[in-house]
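The chain contents come next:
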Amino acid sequence: MTKKMSISTSKTSLVLFLCQIISALDVPLDSKLLEELSQPPTITQQSPKDYIVDPRENIVIQCEAKGKPPPSFSWTRNGTHFDIDKDAQVTMKPNSGTLVINIMNGGKAEAYEGVYQCTARNERGAAISNNIVVRPSRSPLWTKEKLEPNHVREGDSLVLHCRPPVGLPPPIIFWMDNAFQRLPQSERVSQGLNGDLYFSNVQPEDTREDYICYARFNHTQTIQQKQPISVKVFSMDSLNDTIAANLSDTDIFGAKPVTERQPVLLTPTGSTSTKVELRGNVLLLECIAAGLPTPVIRWIKEGGELPANRTFFENFKKTLKIIDVSEADSGNYKCIARNALGSVHHVISVTVKAAPYWITAPRNLVLSPGEDGTLICRANGNPKPSISWLANGVPIAIAPEDPSRKVDGDTIIFSHVQERSSAVYQCNASNEYGYLLANAFVNVLAEPPRILTPANKLYQVIADSPALLDCAYFGSPKPEIEWFKGVKGSILRGNEYVFHDNGTLEIPVAQKNNAGTYTCVARNELGKIQNEVQLEIKDPTMIIKQPEYKVIQRYGQVSFECIIKHDSTLLPTVTWLKDNDELPDDERFLVGKDNLTIMNVTDKDDGTYTCIVNTTLDSVSASAVLTVVAAPPTPAIIYARPNPPFDLELTGQLERSIDLSWLPGDENNSPITSFVIEFEDALHEPGVWRYQTEVPGSQTTAQLKLSPYVNYAFRVIAVNRIGRSQPSEPSEQYLTKSASPDENPANVQGIGSEPDNLVITWEPLKGFQSNGPGLQYKVSWRQKDVDDEWTSVIVANVSKYIVSGTPTFVPYEVKVQALNDLGYAPEPSEVIGHSGEDLPMVAPGNVQVHVINSTLAKVHWDPVPLKSVRGHLQGYKVYYWKVQSLSRRSRRHVEKKILTFRGNKTFGMLPGLEPYSSYKLNVRVVNGKGEGPASPDKVFKTPEGVPSSPSFLKITNPTLDSLTLEWGSPTHPNGVLTSYTLKFQPINNTHELGPLVEIRIPANESSLILKNLNYSTRYKFYFNAQTSVGSGSQITEEAVTIMDEAGILRPAVGAGKGYSEILFATSPVMHTVRPTFYKVQPLYPRIRNITTAAAETYANISWEYEGPDHANFYVEYGVAGSKEDWKKEIVNGSRSFFVLKGLTPGTAYKVRVGAEGLSGFRSSEDVFETGPAMASRQVDIATQGWFIGLMCAVALLILILLIVCFIRRNKGGKYPVKEKEDAHADPEIQPMKEDDGTFGEYRLFSFVSSAPI
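Residues numbered from 1 in each chain as written. Predicted model: local features only at pLDDT ≥ 70, side-chain atom pairs only at ≥ 80, totals over all residues. Heavy atoms only, no water.

K.L.:
Is there a simple way to think about the nonpolar core in this case?
P.N.:
Soluble globular proteins tend to pack their nonpolar side chains together in the buried interior. Grouped together as the largest cluster of nonpolar side chains are 29 residues, with contacts concentrated most on Ile 59, Ile 61, Trp 75, Ile 101, Tyr 116 and Val 134. Secondary structure elements with two or more residues in this core: β2 (50–53), β3 (59–61), β4 (63–68), β5 (72–77), β8 (99–101), β9 (114–122) and β11 (132–136). By residue number, the principal contributor to this core is β9, which donates 3 residues. (Core = buried A, V, L, I, M, F, W, Y, C linked by side-chain atoms within 4.5 Å. Buried < 20%, exposed > 50% of the residue type's maximum accessible area, 1.4 Å probe, protein only. Helix = DSSP H or I, 4+ residues; strand = E, 2+ residues; numbered from the N terminus.)

Structural data, given as structure tokens:
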């Protein structure tokens, strides 16, 4: 029953709407007619609703209106009558309602602040203006405040507040310095929407004392200035210098370096915020973040895309700007600030409301006595606006009654109106965000017919062109128009003529026999009138001899012909152009009646010459190219594009086909391969030529298929190997008869844009597909799988229709059928669409997690019921995040990860998990609208895995036979550490490896001392950690025990402040055991791990070298921080150590090691400091008995060694290589063992480990 009532109501509304179209009269804009007809007032000009005025100038409140008789004006102020005669400062302009309030002669603008409304009234009604709120602009001064200097540490964030005075309208804010130069802005420094200046991180160059905020008030053209703000940035270097100046040399000092920080939002604060904007306005969203490095801002819209063509990014992408917002732009907008250390985000929930806007504004209604009509006032908004009516400015409920008037919500229905029914009606649509006010009059007139077209007007047209004969008319009731040819001819009918609603008679293709006198007759019940017009048909203007392409020798003479044929009653004018411009002002150019002659041709005369023939009714043109050559052209075949076809003829005219024939033009030495036929539809697309068909070059006729209701003209283009010809002259026109449409719109779709609507769209038919006038579409729909009838509506030539009030996401059968004035197209096919989606209602249940290994898990869930999806199921999203590491028991910032599984999947794999950790996850279903609710969080834990490598391995305190190892626990233990494994082996100078030794160390240890090692020997260490699952990746390091050199004393402990090492002196030891070695791949040449052991005046420098054998090393050194050149010492042989002598006690030195012949390859720099000078007793050691005895023993021992060496040499006991090495021995440092490239005896070792404190 409800459905039948709705259909009946819609039919009634449709009938009333048609009655309005049929009954309402259009009053022509004829000045003489308008002066004679009575008309209610109409407001033509008024001041804006929110009218802000300059308090220094006179206030002009506009109100202009028209009407017959001319209206009188009155005003209200703040809802009461405003008597302007009692206020000497207020005047009204003559013949106008505009008020002028004299402020410049003593008046105060504040005294006239208020709400004004204008009424224009005559004997037929009263029109009212909007409520005009008049407010003077304000530009108050800045409040005085004491601004403290801002002292900021380098890298920190900073906000300089502007806080401008509240003005009307709000001021424009900008920052400048004392020199009135704008402060530069960037991704790091920028101004916010509130006018504050934001620094994501400050730099030393930000230090200045003239940060000045300016406020510009445009209405009063004034600029206010805030007091300068001082900013001083303390850099780390300046802090260190300040601290150093106040501490002694023995103090440990140093400010922390500038630390990088992950982003933090400066504005807006918190994680979420809301924003309400009005439809049609500009939406501005802002995110400004602090951080180092400077964060980069990115914007996304959750569950959708940012609108294309309306989205802009400003202020270095910190501001998101969307213009012309609509309700569809509501949603959650997320800004993400990110740098290398992390990210932070903020979600802004945007709601778009709408002040009232018109769907159908009421229109003026001109009726005859006894006729019916309607005024319709429809508006929309958010919230939905309320509609109220006024009659002549008075609420309609208390206005004088009119028996012909009935108010039905947003419609006023008029029945059997009389002249006293004339009035002006006001429709007011309002909600909390604004209002709309529209005036529409009902003017009841009784007027006999009048013809406004001048009598005996002469129309001249070219044959085969359309002829339009005017018969502008007016009368009330609306007159009927009839046309006759001749004074006593019969009424004109048939497809040969087109009769327009405005009275115009159209002859689509005027021929000679259409010339003559035409009579227009207008009649209504109050009278009859007629008017005669004359039609003359003229012959078209043609160029029967066109200018031709010319090649002329320089200094010769050339002539172009242009012979024309025209109607004898038309006076043609011939104009010549060169390259589409006027001819040069040169006496060599002679323009004759039918030609153009150029005397004494030069190179600059080369170009295109065009002959243009104009009459008062038509215009034709033809062109030719002139080529100037230096010498007579050699005889050659000239290939060119063909000349255009001509003499086009139409025969065999049928409703859907016609025969076209033509004669080909000259082919210009290149055979014609094809003809292209194009057509023009002068009825729908005049001047636009479209492709029809293409035929072979041997064919000069073609049968062409036609469409109904098209005024065809054809032209032909010839094609050869060189190119296409110019188009032929158009054929005569042929108008096909109208018919009902042959086809229906394509690409019909039904997709809802909101949960309660169905948007039906289609591709409209093109003009020539309409087959006749009055193209419309019948849109039909019904709910699928429900015993329901089709609901249909006929709409104009549009491409969309919205069905409101539908259930959420249900299937609909949809079809769109074309129709015109002659009937319907064939029955269209049906398509299946769906009404709008809504967010899913149910979360997936029975979520289960199966942990596969320490980094991979599989999650299962039960699918949600399809009915609860309320949309197209796109898949499921799994949100999972790490809660804590089970090995550290420390929480960290939760960063959720999302995996999307398309379709109706019920399981998925979670890769990339961290071992030995606790995780949570939930699952959500996703449709086209967005995500549904989350399932309850599911907790699962990953098992242990192998650990990562130890965070570091340091080898310190090298001595003759020991090394100290220190290490850090793995960054990612991935479980409970059970132990560490240390493996090491010696390496000789030829990169051969000695025996591998393995030690297992408890997990709670963090250092180890290896003893009983070989002196001056390189060792390679391999170190890793273990859990119960297995061993992790290892870290490697190399180190060298120091050499044994007689005479080198132990430096003071602690010398060098962290750079020196303790050096022990021992006696030489002989090694005889030769271990087994393994050959390793040589590394790319490099020098690393420089170790320094310094005393008062000397330092032992050792290093590690990897690369080719027999490299020649050198040591460079100098005073640290000095700009003096480096001092260079050559190292004899290929040893990896050297002793620097002659150093100054208590001095910091820089040192580096290089290799000769390796393209200048050298190590990085190291720094050490010699020990302070040590006070000692002045004892003459040469007089000590023990010293004399020791020297004698040493001399005896040296003599014995020399004798042994001499004997072995004579027996051939040395290799040639050894002799060469001895020959280049370092005179300063003698080797402590046989330099035969092998290791000495591998001795037993012991170690001492220490647990971390």
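From this point, the discussion proceeds with the structure in view.
K.L.:
Explain unusual backbone geometry to me, please; I cannot follow it from the model alone.
P.N.:
Glycine aside, residues mostly have negative phi angles, and peptide bonds mostly take the trans form. Residue Pro 69 follows Lys 68 across a cis peptide bond; omega there is 0°. In this structure, Pro 69 sits in the loop between β4 and β5. Along the chain, Asn 382 connects to Pro 383 via a cis peptide bond; the corresponding omega equals 5°. For Pro 383, the position within the fold is in the loop between β31 (378–382) and β32 (386–391). Residue Asn 315 is not a glycine yet carries a positive backbone phi of 55°. Note that Asn 315 resides in the loop between β25 (311–314) and β26 (319–322). Here Phe 809, not a glycine, exhibits a phi torsion of approximately 45°, which is positive. Among the secondary structure elements, Phe 809 is positioned in the loop between β68 (800–804) and β69 (811–820).

K.L.:
Would you mind going over the pairing of strand β37 (residues 434–444) with me for this structure?
P.N.:
Note on strand geometry: in a regular strand, side chains alternate between the two faces of the sheet. Among the 11 residues in β37, 8 count as buried, and that is most of the element. Summarising the sheet, strand β29 (residues 365–367) and β37 pair through 3 bridges and their orientation is parallel. What sits directly across from Leu 367, in β37, is Val 444. By the bridge criterion, 9 bridges tie strand β36 (residues 423–431) to β37 in an arrangement that is antiparallel. Directly across from Ala 423, in β37, lies its bridge partner Val 442. With antiparallel pairing between neighbouring strands as the criterion, β36 and β37 make up a hairpin whose turn holds 2 residues. (Pairing = 2+ DSSP bridges.)

K.L.:
Would you mind showing me how to read the pattern of salt bridges here?
P.N.:
A side chain of one charge can pair with a side chain of the opposite charge when the charged atoms of the two come close. Considering all chains together, one arrives at 37 salt bridges under this definition. Arg 188 is the salt-bridge partner of Asp 206, the closest N and O atoms lying 2.6 Å from each other. Of the two residues, Asp 206 sits in the loop between β16 (197–199) and β17 (208–217) while Arg 188 sits in the loop between β14 (172–176) and β15 (189–191), which places them 18 residues apart along the sequence. Look at Asp 206 and you get buried, because its relative accessible area is 6%. (Salt bridge = Lys/Arg side-chain N within 4 Å of Asp/Glu carboxyl O.)

K.L.:
Just checking my understanding: could you explain the sheet that holds strand β52 (residues 581–582) for this structure?
P.N.:
As a general point, the strands of a sheet are linked pairwise by backbone hydrogen bonds and lie either parallel or antiparallel. Spatially, the 5 strands line up as an open sheet ordered β48-β56-β55-β51-β52, and their pairing is mixed. The open sheet is flanked by β48 (550–553) and β52, the only strands paired with a single partner. Pairing of strand β51 (residues 573–578) with β52, which is carried by 2 bridges, proceeds in the antiparallel orientation. Bridge assignment links Lys 578 to a residue of β52, and that residue is Asp 581.

K.L.:
Can you help me understand the sheet that holds strand β75 (residues 897–902) in this one?
P.N.:
Strand order across the open sheet formed by 4 strands is β75-β74-β77-β78, with antiparallel pairing between neighbours. On the outer flanks of this sheet lie β75 and β78 (938–941), each paired with one strand and no other. The average undirected angle you get between the axes of adjacent strands in this sheet is 30°. Sheet topology note: the strand β77 (residues 917–927)/β78 ladder contains 4 bridges and is antiparallel. Each bridged residue has a counterpart across the sheet, and for Tyr 919 the counterpart in β78 is Phe 940. (Axes fitted to C-alpha atoms, helices over the stretch in contact; angles between N-to-C directions.)

K.L.:
In this structure, what is going on with the state of the cysteines? I would like to understand it.
P.N.:
Taken as a whole and judged by the stated rule, the model has 6 disulfides. One disulfide in the model links Cys 287 with Cys 335; its S-S distance is 1.8 Å. Handedness of the Cys 287-Cys 335 disulfide follows from its S-S torsion of about -65°: it is left-handed. Residue Cys 287 is found in the loop between β22 (283–286) and β23 (288–292), and its partner Cys 335 is found in strand β27 (residues 331–339); the two are separated by 48 residues along the sequence. We note that Cys 287, like Cys 335, is buried. (Disulfide = S-S within 2.5 Å.)

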